[in-house]
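Analysis of the macromolecular model
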Amino acid sequence: MPVEELMWVEKYRPHKLEDVMNQTEVKERLRPLLQKPQEMPHLLFAGPPGSGKTTLALIVAETILGELKGDYTLSLNASDERGIDTVRERIKVFASYSDRREGVPFRLVMLDEADEMTSSAQTALRRIMEESSRFTRFILICNYSSSIIEPIQSRCAIFRFQRVDAQQVTAYLKKIAKTENIKAPETVLDAIYEATGGDLRQAINLLQAASMGGELTLETVNAVTGSTVKEKAGEIVKLALDGDFNGARLKLVELTRVYGIPETDFLRFANEAIVSSGAKRTADAIKILAEYDYRLLLGASPEIQLTAMLAELAALKEK
Ligand SMILES: Nc1ncnc2c1ncn2[C@@H]1O[C@H](COP(=O)(O)OP(=O)(O)O)[C@@H](O)[C@H]1O
Ligand SMILES: [Mg+2]
């Protein structure tokens, strides 16, 4: 199953302006820009997490570039662990292409967590923005616009996002639960809102995690927020050691993405789980774990590495 279907935050991400909740002012100002893309300035989206910034950036890209979105959009995260130099280099290369197809107004760079950039990195970014402005537009996304240097701010149209309010959050969760055929009592939805304070991403993730067993109750919500990560890690290790690579892989995605468990935490719990499992190949399994622990330390991509690790653990079974 592709991750987009596994994760409710992706499955239920709105694709149309009208489907985005709250953010009335943002939507009103965006609408005319989408109708005349040639005149669109650079955009700066600022606001709290889980309020729809990335969603709206994707809608802008989809509306303006349509099917060519994939070819003409570069999406980057400024806090990318590979470092700001890589990010800058990739933007520079991408933004410098001037070839465009008929009907494509510009190439689009979406830079998430732009406020994680140091001011010198931002100064370099500003230069790239200037040099490429004939063919390229930027959408910068951040939590606080005040962490963006003034010369960039003044080149962008700034859009301020608000936290999604309680009533809208619970209404949204209710709709999802209905589609997923899960009974969702008001009190439980209120509790999810309380626990996530207007961060719709967190709220949806919590809804999904708490509904995993098919039933959504205050108890299942509490179980997730109080979390039994250790058990989950144990289950994943067990599946892998039993040779069920695919099952283990899906559960890992669920654990890291839906529950938001850091990969290093997963390794720690996996270690305990292996030791206490009494599996025949405990020593081999621990060696594999140690190897991947080291790779993560060196900054390799966690999801790919952990998936590869599960594959190796599963392969032990055949030996
Ligand atoms: N205003 C909103 N309207 C509808 N769904 C939203 C809204 N904000 C967030 N979401 C939901 O939460 C998820 C995360 O939203 P996202 O746009 O990535 O937030 P962020 O502001 O952190 O970039 C989306 O996939 C979507 O399902
Ligand atoms: Mg985002």
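Below or above, wherever it landed, is the structure these notes cover. (Residues numbered from 1 in each chain as written. Chains lettered and ligands numbered in written order. Predicted model: local features only at pLDDT ≥ 70, side-chain atom pairs only at ≥ 80, totals over all residues. Heavy atoms only, no water.)

**A few points about the packing of aromatic side chains**
To keep it simple, the criterion reads: Any two of the Phe, Tyr and Trp rings considered here, Trp counted by its six-membered ring, make a pair once their centres fall within 6.5 Å; the pair's planes then place it as stacked at under 30 degrees, edge-to-face at over 60, or tilted in between. Helix and strand definitions here come from DSSP, where helices need a minimum of 4 consecutive H or I residues and strands a minimum of 2 consecutive E residues; each element is numbered from the N-terminal end. With a 1.4 Å probe rolled over the protein chains alone, any residue whose accessible area is under 20% of its type maximum counts as buried; one over 50% counts as exposed, and the rest are partly exposed. The rule for a charge over a ring is simple: NZ of Lys or CZ of Arg within 6 Å of the ring centre, and within 35 degrees of the ring normal.
Applying the stated criterion across every chain yields a total of three aromatic pairs. For the pair F45 and F159, a centre-to-centre distance of 5.6 Å together with 80° between the ring planes defines the contact as edge-to-face. Placement of the pair is F45 in strand β1 (residues 42-46) and F159 in strand β5 (residues 156-160), with a sequence separation of 114 residues. Under the relative-accessibility criterion, F159 is labelled buried at 1%. Look at F45 and F161: their rings are 5.2 Å apart centre to centre, the planes differ by 50°, and that puts the pair in the tilted class. With F45 in strand β1 and F161 in the loop between β5 and α9 (166-179), this residue pair connects regions lying 116 residues apart in the sequence. Of the two residues examined, F45 and F161, each falls in the buried class. These aromatic residues form a ring-pair network of at least three members: F45, F159 and F161. A cation over an aromatic ring shows up here: R268 above the ring of F269, its NZ or CZ 4.8 Å from the ring centre.

**Looking at the site of ligand 1**
Operational definition: Definition of nearness: a residue and a molecule or strand are near each other if at least one heavy atom of the residue lies within 4 Å of the molecule or strand. Within 3.5 Å is the distance limit for a polar contact, defined as a pair of N or O atoms, with the added protein rule that one can donate a hydrogen and the other accept it, and that residues adjacent in sequence qualify only through two side-chain atoms. Areas reported here follow the Shrake-Rupley algorithm with a probe of radius 1.4 Å; residue values treat only the protein chains shown as occluding. When residue character is reported, Ala, Val, Leu, Ile, Met, Phe, Trp, Tyr, Cys and Pro are called nonpolar, Asp, Glu, Lys and Arg charged, and the others, Gly included, polar. Note that the domain bounds were set by an automatic or database domain assignment.
Residues in close proximity to ligand 1 total 19 residues, the closest being V9, G50, K53, T54 and T55. Take R13: an N or O atom from its side chain is 3.2 Å from an oxygen atom of ligand 1. Surface burial for ligand 1 is 98%, taken as the share of its 550 Å² of free accessible area covered by protein chains. Looking at the shell around ligand 1 residue by residue, the classes come out as 11 nonpolar, five polar and three charged. Each of domain 1 (23-160) and domain 2 (166-226) accounts for three or more of the residues forming the shell around ligand 1.

**With respect to the packing of helix α15 (residues 263-277) against helix α16 (residues 282-297)**
Quick note on the threshold: Axis geometry follows a simple rule: fit a line to the C-alpha atoms, using only the stretch in contact for helices, then measure angles between N-to-C directions, giving values from 0 to 180 degrees. Angle categories: roughly parallel below 35 degrees, roughly antiparallel above 145, roughly perpendicular from 65 to 115, and oblique for all the rest. The contact criterion used throughout is that any non-hydrogen atoms of two residues lie within 4.5 Å.
Orientation of α15 relative to α16, taken along the N-to-C sense of each, is 170°, at an axis distance of 10 Å. In terms of axis orientation, α15 runs roughly antiparallel to α16. Across the interface between the two elements, E263, L267, A270, N271, I274 and V275 of α15 pack against T282, A285, I286, L289, Y292, D293 and L296 of α16. In the contact of α15 with α16, the residues fall into nine nonpolar, two polar and two charged.

**What to know about a nonpolar patch on the surface**
What counts here: The patch calculation keeps residues exceeding 30% relative accessible area without a salt bridge and links them within 9 Å when they carry like charges or within 5 Å when they are nonpolar (Val, Leu, Ile, Met, Phe, Trp, Tyr). Just to be clear on terms, a salt bridge is a Lys or Arg side-chain nitrogen sitting within 4 Å of an Asp or Glu carboxyl oxygen.
On the surface, a nonpolar cluster with roughly 390 Å² of combined accessible area is contributed by Y294, L297 and L298. Note on placement: L298 falls in the loop between α16 and α17 (302-316).

**Structural notes on the sheet that holds strand β3 (residues 107-112)**
The strands making up a sheet associate through backbone hydrogen bonding, with each pair oriented either parallel or antiparallel. Our working rule: At least two DSSP bridges between two strands are required for those strands to pair.
One open sheet holds the five strands; their spatial order is β2-β3-β4-β1-β5, and the pairing between them is parallel. Each edge of the open sheet carries a strand with a single partner, namely β2 (73-77) and β5. Going from strand to strand, the sheet's axes swing by 15° on average, the running direction of each strand aside. Bridge analysis of β1 against β5 gives five bridges, and the strand direction is parallel. When the bridges of β5 are listed, L44 appears paired with I158. Helix α3 (residues 24-35) contacts β1 and β5 of the sheet and is inclined by roughly 145° relative to β5.

**Focus: the pattern of salt bridges**
The full count for this structure, using the stated rule, is 10 salt bridges. Where R126 meets E130, a salt bridge forms, and the shortest distance between an N and an O atom there is 3.4 Å. Of this pair, R126 and E130 both sit in helix α7 (residues 119-131), separated by four residues, roughly a single helical turn. What makes R126 partly exposed here is its relative accessible area of 28%. Classification of E130 as partly exposed rests on a relative accessible area of 35%. One salt bridge in this structure joins R155 and E130, with 2.5 Å as the shortest N-O distance. You can see R155 sitting in the loop between α8 (150-153) and β5 and its partner E130 sitting in helix α7, a full 25 residues away along the chain. Via salt bridges that share partners, R126, E130 and R155 belong to a single interconnected network.

**Observations regarding helix α4 (residues 53-65)**
Spelled out, the test is: Expected span of a helix: the number of residues minus one, times 1.5 Å.
Its 13 residues give α4 an end-to-end C-alpha distance of 18 Å, which sits within 8% of 18 Å, the value for a rise of 1.5 Å per residue. Burial runs high along α4: 10 of the 13 residues are buried. Those residues of α4 that fall on the buried side of the exposure criterion are K53, T54, T55, L56, A57, I59, V60, A61, I64 and L65. In this structure, the buried side of α4 is in contact with α3, β1, α5 (69-72), β2, β3 and β4 (136-142). Just downstream of α4, G66 is the residue with a positive phi angle, here 55°.

**Some words on the packing of α15 against α17**
The criterion, for reference: The crossing is said to be left-handed when, going from far helix to near helix, the turn is anticlockwise and less than a right angle, and right-handed when the turn is clockwise.
Where α15 contacts α17, the two axes come as close as 10 Å, and the packing angle between them is 20°. Judged on the interaxial angle alone, α17 and α15 are roughly parallel. Once α15 is placed against α17, the crossing between them reads as left-handed. Here α15 contributes E263, F266 and L267 to the contact with α17, which in turn contributes P302, L306 and M309. A class-by-class count of the residues in the contact of α15 with α17 yields five nonpolar, no polar and one charged.

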